[in-house]
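Overview (structure and organization)
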Amino acid sequence: MLTLVFLLMILMAVTGWYFAKDFFAPYVIAPCIWIIIIILYKLLPSDIYPIANQFPSALAVWSMGFFLSSCMTEYITPAASYKSANLQPNKILLRAYILISITVVPMICIYIFWLAFTTEPETMFRYMRIMSTKTDDAIQPPDFGPLIYCCSVAYVSLFFVFIYFKNKWLIASVILANIMYAFVNMAKINFLCIIFSSLYLGYSRGIVKKKHLILGLLFFVTLSFILQSVRAVGEELSLVEMFSLYLTSSIVAFDYFVEPASALSFGENSLRFIYAVGYSLGISEAPIQTILDFVGIPFPTNTYTLMYPFYKDFGILGIALFSIIYGCIYGYLYKKTRTGSKLGLIIYAIFLTFLLLEFFAELIFTNLSQTLQYVILTALPFIFSNENNKCVK
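Residues numbered from 1 in each chain as written. Predicted model: local features only at pLDDT ≥ 70, side-chain atom pairs only at ≥ 80, totals over all residues. Heavy atoms only, no water.

**So, the environment of Phe113**
- Among the secondary structure elements, Phe113 is positioned in helix α5 (residues 91–119).
- Put simply, Phe113 and Asn185 are 72 residues apart on the chain and 9.6 Å apart in space, counted from C-alpha to C-alpha.
- Excluding residues within four positions of it along the chain, Phe113 makes contact with Met124, Met128, Phe183 and Val184. (Helix = DSSP H or I, 4+ residues; strand = E, 2+ residues; numbered from the N terminus. Contact = heavy atoms within 4.5 Å.)

Shown next as structure tokens:
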């Protein structure tokens, strides 16, 4: 069954390439990612369990729904208008974003680093990671209140400075602020978001070549190995073991341990944001944790691919429904990006990393609060646009 699904992925990737001639079209990159993951699953030496249950059929439904809906949505979505393609962001807002990024965010990062160093100096990197994931009640991150939203401002600012600013020191300062935040979180995903999204933005504007994308991903692999080594005290992994753990374990965990339509509350995984809002208003139960339980495959893992929340909540129908929703989102953004919308380009660059990690976890609906922050912070400078401002110096 997995072989048939693999052939289906190849067919979709080839068909998508025939129409788009662009690897970063959603209906091209999505099946290509699954092709790579399945190949690695077959080739990497490992004692990992064999896939023999629900993953192939679930992936077939997800991929077909995403492929068809993204193609159709791109086809029916109107091109970006001349006005929207040439809309310039509000320069006052952009400068406020940058000021926040290069002042508030470094102070937050320095405080977290100082706290970890003074509390647990010998294993400070592990301590920072636990603070970030909140997996230990005895180790909690500082409460920065509304200031924590400044970290989202810094990430969005990264894309604006690449497009609208020419001052190299300013660009370097925003990049450094984002790297500092990724470092104190000890999060590989944060680094991937910075590296891949930035490279794609440069590639879409003709600044970055394909070889730079490859070099960037190789750099990320090296960086991931280093991060894993310094934060996982007493858990040494070889490079092959790390590849197996982070690239192929999720599909096996989904295959063996995710029960369809087994959520205790309606849509508690897919609609977590609604539960979080309701809980803050005192009208619903607390939302579930985003850090999932570990299972053995046989080595421990706690990621289950992006299909997990939809399958867990609604079974195969949930996968079909949300694959169409996903496809519509990506098809729409891709059409706007391809026809010149800078707003669409920035949001698509952010969302593209989520798609790159489809084999790993779901990052749009599970963390919808964060997703909405990125979208709103990106849209605001364009909503309050300066019509006559051609370029921010």
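From this point, the discussion proceeds with the structure in view.
**Side note on the packing of aromatic side chains**
- Counted under the stated rule, the structure contains 40 aromatic pairs.
- The cationic tip of Lys21 hangs over the ring face of Tyr18; the distance from NZ or CZ to the ring centre is 5.0 Å. (Phe/Tyr/Trp six-rings, centres within 6.5 Å; stacked < 30°, edge-to-face > 60°. Lys NZ or Arg CZ within 6 Å of the ring centre and 35° of its normal.)

**Description of helix α15 (residues 368–383)**
- In a regular helix each residue adds 1.5 Å, so 16 residues correspond to 22 Å; α15 covers 21 Å between its end C-alpha atoms and thus fits that length.
- Residues Thr371, Gln373, Tyr374, Leu377, Thr378, Ala379, Pro381 and Phe382 constitute the buried set of α15.
- Elements in contact with the buried residues of α15: α5, α7 (150–164) and α14 (342–356). (Expected span 1.5 Å × (residues − 1). Buried < 20%, exposed > 50% of the residue type's maximum accessible area, 1.4 Å probe, protein only.)

**Some remarks on the side chain of Thr303**
- Inspection of the secondary structure assignment puts Thr303 in the loop between β2 (300–301) and α13 (308–338).
- At a separation of 2.5 Å, a polar atom in the side chain of Thr303 contacts the side chain of Ser250.
- The residues touching Thr303, leaving out its near neighbours within four places in the chain, are Ser249, Ser250, Ala253 and Phe360. (Polar contact = N/O pair within 3.5 Å; in protein donor to acceptor, adjacent residues only side chain to side chain.)

**Details of the state of the cysteines**
- Here the structure, examined in full by the defined rule, presents zero disulfides.
- Cysteine Cys328 shares no disulfide, and the gap to the nearest cysteine sulfur, in Cys71, comes to 11 Å. (Disulfide = S-S within 2.5 Å.)

**What to know about the side chain of Gln54**
- Summarising the element assignment, Gln54 is placed in the loop between α2 (26–43) and α3 (55–76).
- On the accessibility criterion, Gln54 (16% relative accessible area) is buried.
- In this structure the side chain of Gln54 is engaged in a polar contact, spanning 2.7 Å, whose partner is the backbone oxygen of Phe254.
- With sequence-adjacent residues up to four places away left out, Gln54 is seen in contact with Phe254, Asp255, Val258 and Tyr311.

**A short note on the packing of α13 against α14**
- At their nearest, the axes of α13 and α14 sit 9 Å apart, and the two run at 140° to each other. Put simply, α13 runs oblique to α14. Seen from above, α13 lies across α14 with left-handed handedness. Across from Ile329, Tyr330, Leu333, Tyr334, Lys336 and Thr337 in α13, the residues of α14 making contact are Gly344, Leu345, Ile347, Tyr348, Phe351, Leu352, Phe354 and Leu355. (Axes fitted to C-alpha atoms, helices over the stretch in contact; angles between N-to-C directions. Parallel < 35°, antiparallel > 145°, perpendicular 65-115°, else oblique. Left-handed = near helix turned anticlockwise from the far one by under 90°.)

**Details of a nonpolar patch on the surface**
- Taken together, the side chains of Met1, Leu4, Leu7, Ile10 and Val14 present a nonpolar region at the surface, about 500 Å² in accessible area.
- Mapped onto the elements, Leu4 comes out in helix α1 (residues 2–20). (Patch = residues over 30% accessible without salt bridge, like charges linked within 9 Å, V, L, I, M, F, W, Y side chains within 5 Å. Areas by Shrake-Rupley, 256 points an atom, 1.4 Å probe, with all protein chains shown as cover. Salt bridge = Lys/Arg side-chain N within 4 Å of Asp/Glu carboxyl O.)

**Focus on unusual backbone geometry**
- Put simply, Ile297 and Pro298 share a cis peptide bond, and its omega is 10°.
- Here Pro298 is to be found in the loop between β1 (295–296) and β2.
- Of note in this structure, Lys21 is not a glycine but carries a positive phi near 55°.
- Within the secondary structure, Lys21 sits in the loop between α1 and α2.
- Even without glycine at this site, Ala261 takes up a positive phi of about 50°.

**What to know about the pattern of salt bridges**
- Applying the stated criterion across every chain, the model contains two salt bridges.
- For Glu74, the salt bridge is made with Arg338, and the minimal N-O distance between the two is 3.0 Å. Of this pair, Glu74 sits in helix α3 while Arg338 sits in helix α13, and the two are 264 residues apart along the sequence.
- According to the relative accessible area criterion, Glu74 is buried, its value standing at 9%.
- The shortest N-O distance in the salt bridge between Glu120 and Arg126 comes to 2.9 Å.

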